[in-house]
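Geometric and topological summary
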Amino acid sequence: HMYAAIITAWSRSKRSDAAHRAEQILGRLERLYKAKNDRLLKPNSVLCTAIIQCWGRCKDADALDRAEAIFQRMKKSEDPDMMPTEHTYSALLNSYSYSGLGLKSAERADELLLEVEEADNLNANVYIYTNAIKTWARSGHVNAGERAEEILKSLIASDDPVVRPNIYTFTAALDAMIAAKDHYSFDADTFLGMMKSAGVKPDRVLQG
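What counts as what
- Residue numbers restart at each chain and count upward from 1, following the sequence in its written direction.
- Given that the model is predicted, a residue must reach a pLDDT of at least 70 before its local features are reported, and side-chain atom pairs must reach 80 or more before they are shown or counted; all residues, however, enter totals for whole chains, interfaces and linings.
- Excluded from the side-chain calculation are hydrogens and water; included are all heavy atoms of the structure.
- Strands here are runs of E lasting at least two residues and helices are runs of H or I lasting at least four, both read from the DSSP assignment and numbered beginning at the N terminus.
- The globule rule is 2.2 Å times the number of residues to the power 0.38, and the radius of gyration it is compared with is taken over C-alpha atoms.
- In this scheme, a residue with accessible area under 20% of its type's maximum is buried, one over 50% is exposed, and one in between is partly exposed, where area comes from a 1.4 Å probe on protein chains only.
- Contacts are assigned to residue pairs with any non-hydrogen atoms lying within 4.5 Å of each other.
- Accessible surface area values rest on a Shrake-Rupley calculation with a 1.4 Å probe, where residue burial reflects the displayed protein chains alone.
- His is not counted, nor are the chain ends; Lys and Arg add positive charge and Asp and Glu add negative charge.
- To locate a charge, take NZ of a lysine, CZ of an arginine, CG of an aspartate or CD of a glutamate.
- With a 1 Å grid spanning the protein atoms alone, the term cavity applies to any set of points in which a 1.4 Å probe fits but cannot get out, the term pocket to an open set with protein on both sides within 12 Å along at least five of seven lines, and the term lining residue to any residue with an atom within 4 Å of a point.
- Grid points are joined across faces, edges and corners, and a volume is the space filled by probe spheres set on the points.
- By the convention adopted, Pro, Cys, Tyr, Trp, Phe, Met, Ile, Leu, Val and Ala count as nonpolar, Lys, Arg, Asp and Glu as charged, and the other residues, Gly among them, as polar.
- Any cysteine sulfur atom paired with another within 2.5 Å is treated as part of a disulfide.
- When two rings of Phe, Tyr or Trp (its six-membered ring) have centres within 6.5 Å they constitute a pair, described as stacked for plane angles under 30 degrees, edge-to-face for angles over 60, and tilted for the intermediate range.
- Think of each axis as a best-fit line through the C-alpha atoms, taken over the contacting stretch in the case of a helix, with angles from 0 to 180 degrees between the N-to-C directions.
- For classification purposes, an angle smaller than 35 degrees is called roughly parallel, one larger than 145 roughly antiparallel, one from 65 to 115 roughly perpendicular, and anything else oblique.
- Here a crossing is taken to be left-handed if its near helix is turned anticlockwise relative to the far helix by less than a right angle, and right-handed if that turn runs clockwise.

Considering the overall build of the protein
For the protein, the helix and strand inventory stands at 11 helices and zero strands. In terms of overall size, the protein behaves like a compact globule, its C-alpha atoms giving a radius of gyration of 19 Å where 208 residues would be expected to give roughly 17 Å. Dimensions of the protein along its principal axes, counting C-alpha atoms only, are 60 × 35 × 30 Å. For the protein, the residues scored as buried account for 48% of the 208 residues in total. In the protein, the proportion of contacts linking residues at least 24 apart, taken out of those at least 6 apart, comes to 67%. Counting only carbon and sulfur atoms, one obtains 50% of the accessible surface of the protein, whose full area is about 11600 Å². For the protein, the distance from the average position of its 27 positive side-chain charges to the average position of its 29 negative side-chain charges is 9 Å.

Some thoughts on the layout of surface pockets
Here the largest pocket is characterised by a volume of approximately 240 Å³. Lining the largest pocket we find 14 residues, and of these Gly 56, Cys 58, Ser 95, Tyr 98 and Ser 99 sit closest to its centre. Every element with two or more residues in the lining of the largest pocket is listed here: helix 3 (45-57), helix 4 (63-76) and helix 5 (86-97). The element contributing the most residues to the lining of the largest pocket is helix 3, with three residues. When the residues that make up the lining of the largest pocket are grouped by side-chain class, the tally is seven nonpolar, four polar and three charged. Of the volumes computed, that of the second largest pocket is approximately 200 Å³. Lining the second largest pocket, in full, are Val 126, Tyr 127, Thr 130, Asn 131, Lys 134, Ala 137, Arg 138, Asn 166, Tyr 168, Thr 171, Ala 172 and Asp 175. For the lining of the second largest pocket, the elements supplying multiple residues, two or more each, are helix 7 (126-137) and helix 9 (167-179). Among the elements that make up the lining of the second largest pocket, the one with the highest residue count is helix 7 (six residues).

Quick notes on the state of the cysteines
All chains considered together, the criterion is met by zero disulfides. The thiol of Cys 48 is unpaired, and the distance to the nearest cysteine sulfur, on Cys 54, comes to 12 Å.

Looking at the packing of aromatic side chains
How two aromatic rings sit relative to each other is set out by the distance from centre to centre and by the angle between their planes. Counting across every chain of the model gives three aromatic pairs. Both rings, one in Phe 71 and one in Tyr 89, keep their centres 5.1 Å apart while their planes meet at 85 degrees; by these two values the pair is edge-to-face. Here Phe 71 is found in helix 4, whereas its partner Tyr 89 is found in helix 5, with 18 residues between them in sequence. Judged by relative accessible area, which is 0%, Phe 71 ranks as buried.

What to know about the packing of helix 1 (residues 2-11) against helix 3
Look at helix 1 against helix 3: their axes get within 8 Å of each other, and the N-to-C directions meet at 25 degrees. Viewed along their axes, helix 1 and helix 3 adopt a mutual orientation that is roughly parallel. Of the two elements, helix 1 crosses helix 3, and the hand of that crossing is left-handed. Here helix 1 contributes Ala 4, Ile 7, Trp 10 and Ser 11 to the contact with helix 3, which in turn contributes Leu 47, Ala 50, Ile 51, Gln 53, Cys 54 and Arg 57.

This is a description of form; function is not addressed.
Here it is in structure tokens:
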């Protein structure tokens, strides 16, 4: 519907006020739905996830808190159409990767990963794992390299095609290993061997 299109457009916008505008529209939509009880006006997880994406790109000091608040509202909702999806978790993890929270962001990434892995109604995918690795890479955590390697190995060993690591996963892992170089012994041959076993060809960045 029209409101979904507007929120989606704001989620793709680079304007600094995009997240504020998108959340305002969501609030308006919620009020209209309560007043008219029109299912076409009913907010859902797709719209909320789009707003989390907006906050993930926002530079405001409270942006992550706003994204997390929407996520918690979705989790507490008794409406099945509002429950967080895999895309929601991926969006929130991406928000944490840009948060600048350091160690707290890495800890939160693992909490979110565990939630997805243990949920009966969710299936972890490569985007979720890649964003978790990105969060570790940018956290400054001394164990970032080890954690990235651990996640990579688990994905490579999995028979599930939806978690097969791609070039973006390996790039994020490499960033984590380099960021933790004082605490992690990086071996290029081992890393390239992992890429080969996953069927991923090194791109120019990794080869350089």
